[in-house]
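# Observations on chain architecture
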Protein chains: 2
Amino acid sequence: MRVVIARCAARYTGRLSATLPLATRAIMVKADGSVLLHSDGGSYKPLNWMSPPCTLRITDPDADAAAGGARQLWVVQHAKTDDRLEIEIHEVIADTEHELGVDPGLIKDGVEAHLQELLAEQITLLGEGHTLVRREYPTAIGPVDILARDSIGRAVAVEVKRRGDIDGVEQLTRYLELLNRDPLLAPVQGVFAAQEIKPQARVLAEDRGIRCLVLDYESMKGAEDLSSRLF
Amino acid sequence: MRVVIARCAARYTGRLSATLPLATRAIMVKADGSVLLHSDGGSYKPLNWMSPPCTLRITDPDADAAAGGARQLWVVQHAKTDDRLEIEIHEVIADTEHELGVDPGLIKDGVEAHLQELLAEQITLLGEGHTLVRREYPTAIGPVDILARDSIGRAVAVEVKRRGDIDGVEQLTRYLELLNRDPLLAPVQGVFAAQEIKPQARVLAEDRGIRCLVLDYESMKGAEDLSSRLF
DNA sequence: CGTGCCAGGTGCCGT
DNA sequence: ACGGCACTTGGCACG
């Protein structure tokens with residue numbers, strides 16, 4: 001990985017066009033050729049960047065750019081699209097390179113998959129007497145997170161989300177439409193289950209007869225710990 | 001901005017939990033206290049990070065960590081939430097700091113806002129005799145990009161996208177449903193306008209009686225330049 | 001300040 | 001390769 005601190009200007013063309021006036025920034029060049037142009041604030045997102053696969057070519061600036069103070073021109077060209085990032089280097093303040101090696105990668109915990117797993121285990125959170133049919137129940141347009149039956153055997157389709165947004169309600173609506181075409185399942189009740197349900201999503205869901213269920217991840221995790229301690 | 005190359009391990013807790021085994025990585029500490037932990041590949045997204053506002057506190061590792069080889073413990077704590085990033089530094093390979101100053105920021109061109117603006121100006125692209133009612137026409141569930149009237153006064157709701165995907169069709173469908181409840185507007189015709197419309201989105205749109213309109217950004221921009229030259 | 005929507009989204013996993 | 005979908009999504013603009 002190469003890190004260059006430089007006064008530079010940049011221009012990106014591709015899916016959109018963007019220009020970056022002259023200023024001091026950090027340029028990170030990764031082993032795969034990808035380039036990140038960071039300012040000293042904002043978020044983790046660079047001001048400009050080029051994702052792999054791409055190649056970096058360093059040349060002399062043309063006469064105009066040189067007259068404007070440019071010392072180098074970096075052209076980062078994407079290998080498959082016509083996305084291109086051009087960086088005009090006016091002054092190099094620091095330039096270091098280090099071998100990092102392959103990263104073992106991140107291990108995550110607590111995402112939607114876990115929430116779905118917990119709800120499947122604690123299926124009666126849907127209501128007294130509910131039983132699990134299966135997780136990831138397949139339909140023509142993709143799997144429903146959870147299919148269950150209520151206490152008197154009626155089908156219940158559940159969409160699990162960490163954050164319950166309008167998109168999720170649309171998704172569940174599409175599944176319900178398909179599931180309701182199956183005479184062995186219809187009529188299928190919909191449940192929109194999330195740690196947090198946005199008001200507009202709730203309105204839309206209830207307008208469509210979909211029940212909303214707010215999940216408490218911590219207490220569900222506690223219940224799991226408790227039940228595992230019983231064995 | 002401080003850039004440290006170090007052999008390190010990390011742990012994030014907050015919205016989820018994630019751990020990162022020991023490896024050599026680049027750590028970027030920005031002026032606002034935010035921290036980015038980059039590997040030598042992937043995209044612009046760091047392996048772990050902490051967004052501002054947050055504070056970095058550097059301490060000695062506890063006895064266990066020290067026995068495991070840790071030399072420093074970096075704790076990055078978010079100011080408002082309980083998000084926290086802990087980095088165990090085992091070996092510092094490089095450590096540099098530079099003053100970058102405030103960045104003048106990025107100038108973008110060609111995003112959806114501009115496309116919407118151009119279409120509002122060139123509203124007859126919807127068809128002969130169309131007139132603009134307003135951009136960002138408000139509804140209970142959010143603003144419709146463009147509301148117009150056709151040559152004989154019928155309402156037309158337009159959803160503008162750079163890339164026309166199924167989501168956009170769903171969005172427009174929701175708006176149409178609401179707008180059609182307004183007797184002053186109904187019946188409202190839907191137009192899905194995008195630089196590129198995915199086949200599946202086109203099928204869905206046309207199935208719902210929504211007209212698809214492919215926009216040529218370059219030619220629309222050219223028309224704008226021409227009209228501005230007339231003044 | 002919450003709420004919805006766009007993003008050069010990126011990444012992961014399925015057909 | 002394309003499509004669907006989650007993401008510590010982040011970021012912005014508007015009520």
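To be clear, the structure that these remarks concern was listed above.
In this report, we go over the structure that sits alongside the text. Keep in mind that this is a model prediction, so the values were computed, not measured. (Residues numbered from 1 in each chain as written. Chains lettered and ligands numbered in written order. Predicted model: local features only at pLDDT ≥ 70, side-chain atom pairs only at ≥ 80, totals over all residues. Heavy atoms only, no water.)

### Digging into the protein's contact with DNA strand D
Every one of the 22 residues lining DNA strand D counts as a neighbour, but A:Ser43, A:Lys108, A:Lys161, A:Arg162 and B:Leu16 are closest to it. Within the side chain of A:Tyr175, a nitrogen or oxygen atom sits 2.8 Å from a phosphate oxygen of DNA strand D. Interatomic distance of 3.4 Å between a side-chain N/O atom of B:Tyr12 and a base oxygen of DNA strand D. Counting only elements with at least two residues in the surface near DNA strand D, the list comes to β11 (155–164) and α3 (166–179) of chain A together with β4 (48–50) of chain B. For the surface near DNA strand D, the residue count by class is eight nonpolar, four polar and ten charged. (Near = heavy atom within 4 Å. Polar contact = N/O pair within 3.5 Å; in protein donor to acceptor, adjacent residues only side chain to side chain. Helix = DSSP H or I, 4+ residues; strand = E, 2+ residues; numbered from the N terminus. Nonpolar A, V, L, I, M, F, W, Y, C, P; charged D, E, K, R; others polar.)

### Focus: the sheet that holds strand β12 (residues 189–197) of chain B
All names here are of chain B. Read from one edge to the other, the open sheet built from five strands follows the order β9-β10-β11-β12-β13, with strand pairing classed as mixed. Two strands bound the open sheet, and with one partner strand each, they are β9 (131–137) and β13 (211–214). Ignoring which end each strand starts from, the neighbouring axes of this sheet average 30° apart. Note that β12 and β13 share four bridges and pair parallel. Residue pairing in the sheet places phenylalanine 192 in a bridge with cysteine 212 of β13. The sheet strands contacting helix α3 (residues 166–179) are β9, β10 (144–149), β11 (155–164) and β12, and the helix crosses β11 at an angle near 165°. (Pairing = 2+ DSSP bridges. Axes fitted to C-alpha atoms, helices over the stretch in contact; angles between N-to-C directions. Contact = heavy atoms within 4.5 Å.)

### Observations concerning the protein's contact with DNA strand C
In the vicinity of DNA strand C there are 24 residues, among which A:Trp49, A:Gln200, B:Ser43, B:Lys161 and B:Arg162 approach most closely. A distance of 2.9 Å is found between a phosphate oxygen of DNA strand C and a side-chain nitrogen or oxygen belonging to B:Lys108. Elements supplying a minimum of two residues to the surface near DNA strand C: β4 (48–50) and α4 (199–207) of chain A together with β11 and α3 of chain B. The element that contributes the greatest number of residues to the surface near DNA strand C is β11(B), accounting for four residues. Grouping the amino acids of the surface near DNA strand C by side-chain chemistry returns nine nonpolar, six polar and nine charged.

### A word on unusual backbone geometry
In this structure, the amide linkage connecting A:Pro52 to the following residue, A:Pro53, adopts the cis form with an omega of 0°. By the secondary structure assignment, A:Pro53 is in the loop between β4 and β5 (54–59). In this model, B:Glu136 sits at a positive phi of 55°, which is unusual for a non-glycine residue. Structurally, B:Glu136 can be placed in strand β9. Look at B:Glu136 and you get partly exposed, because its relative accessible area is 33%. (Buried < 20%, exposed > 50% of the residue type's maximum accessible area, 1.4 Å probe, protein only.)

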